[in-house]
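# An overview of the molecular structure
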Amino acid sequence: MARHTTGGTPACLGDLRALSFVLEALDEGTDAWRAVQVAGHLGGAAGDLTPRPSKLLAEVDFADSSQSMSANALVSALRELGDPAAAPALTGAVVAAVREEQWHSAASALNALASFGPGSAFAPEVVRPLADAEDLHVRAAATEALWELESDAADVVPRLVELLDTHRQQEAAEILGRIGQDAARALPRLRKMLTAGYEWTRVCAAAALWDIGGDAEARAVVETLLAAWAENDATSNHVLACLSRMGPAARPALPRVREELTLFSGV
């Protein structure tokens, strides 16, 4: 069994020839933990696979903190499979994890629900109260899920603006950027974040500013992105992704981009 489910094997590469072995492991419990780790790579067989990790997730005892790793692996597999049929199991996991104050597991399950979008439309009854949770990780995840499930900017944006003043501010900025122009009330707070001491915070704020405010924010966005890139090269992928979205508005960044290309090509 292990030959078919460990890293670098056909299952990890999405090869459906491994499906029978993964199903057998999930059904019989033989090396099931290995099967869970690779199940998400077999999205082409989501219809066959989703019921198995859903059943296992429903059996997790969230009162036992030692099971949290297994729970998170199951949630991750269901999210990667992308089948909204997993929504009931994930919703149950959210309820159980919150009851036992397993906040990280609750947030992971909320993130998985959010990834299904309106396909899990019954979930807001469970999600909405958690958008006011004391745990900020859960609150941020629940707020993102509300947006993905209902797309109600009037409800979600004020919650995200509040989160900009917490340690979940980067996550909140990213969601606000996805909302776009309907998140305009967040612009003043995002502009203030451009002066943050942490370069990653500045990059997230700048990207959100562009996605919400567009051309009016272009100069400040480009300057912030280039400064962060110069400070920490690890930000480059995020910086370049935003510059690419900006198109002609990112023209002032061309010298820096050309410099990087020259270094890369060894010219």
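Described in the following lines is the structure provided in the data block. As the structure is a computational prediction, the values presented were derived from the model and not from experiment.

Conventions and cut-offs
- Along each chain, residue indices are assigned from 1 in the same order as the chain's sequence is written.
- The model is predicted, so local features are restricted to residues of pLDDT at least 70 and side-chain atom pairs to those at 80 or more, both for listing and for counting; the totals for chains, interfaces and linings are taken over all residues.
- Excluding hydrogens and water, the side-chain figures rest on all heavy atoms present in the structure.
- Helix and strand labels come from DSSP, where a helix needs a run of H or I of at least four residues and a strand needs a run of E of at least two; each type is numbered from the N terminus.
- In a helix, the anticipated span is given by 1.5 Å times the number of residues less one.
- Relative accessibility under 20% of the residue-type maximum defines a buried residue, over 50% an exposed one, and the middle range a partly exposed one, all with a 1.4 Å probe and only protein chains included.
- Axis definition: a line fitted to C-alpha atoms, over the contacting stretch in the case of helices. Angles run 0 to 180 degrees between N-to-C directions.
- For this classification, under 35 degrees means roughly parallel, over 145 means roughly antiparallel, 65 to 115 means roughly perpendicular, and everything else is oblique.
- Contacts are residue-level and defined by heavy atoms, with any inter-residue pair within 4.5 Å sufficient.
- Charged means Asp, Glu, Lys or Arg here, nonpolar means Ala, Val, Leu, Ile, Met, Phe, Trp, Tyr, Cys or Pro, and polar covers whatever is left, Gly included.
- Stacked, tilted and edge-to-face are the three classes applied to pairs of Phe, Tyr and Trp rings, where Trp contributes its six-membered ring and a pair requires centres within 6.5 Å; stacked means planes under 30 degrees apart, edge-to-face means over 60, and tilted covers the rest.
- Any Lys NZ or Arg CZ that is within 6 Å of a ring centre and within 35 degrees of that ring's normal is treated as a charge sitting over the ring.
- Here, nonpolar core refers to any group of buried Ala, Val, Leu, Ile, Met, Phe, Trp, Tyr and Cys residues whose side-chain atoms link them within 4.5 Å.

This part takes up unusual backbone geometry. If you check the backbone angles, Glu-101 has positive phi at about 60 degrees while not being a glycine. At Ser-151, a residue that is not glycine, the phi angle is positive and equals roughly 55 degrees. Structurally, Ser-151 is set in the loop between helix 10 (136-150) and helix 11 (153-163).

Its 15 residues give helix 14 (residues 199-213) an end-to-end C-alpha distance of 20 Å, which sits within 8% of 21 Å, the value for a rise of 1.5 Å per residue. Of all 15 residues in helix 14, 13 are buried; the element is thus mostly enclosed.

A separate point is the packing of helix 10 against helix 12 (residues 169-179). For any two helices packed against each other, the geometry comes down to the angle between their axes and how far apart the axes lie. Following both chains from N to C, one finds helix 10 and helix 12 inclined at 10 degrees, their axes separated by 10 Å at the closest point. The angle between the axes of helix 10 and helix 12 places the two elements in the roughly parallel class. Here Ala-140, Ala-141, Glu-144, Trp-147 and Glu-148 of helix 10 come into contact with helix 12, specifically with Glu-171, Ile-175, Arg-178 and Ile-179. Counted by class, the contact of helix 10 with helix 12 contains five nonpolar, no polar and four charged residues.

With the rule as written, the count across this model stands at zero aromatic pairs. The side chain of Arg-256 reaches across the aromatic face of Trp-229, ending 3.9 Å from its centre.

This part is about the nonpolar core. Core analysis: the biggest nonpolar cluster contains 91 residues, and Leu-49, Leu-57, Leu-90, Ile-179, Leu-190 and Met-246 have the highest contact counts within it. Excluding residues within four positions of it along the chain, Met-246 makes contact with Trp-210, Ala-218, Val-221 and Val-222.

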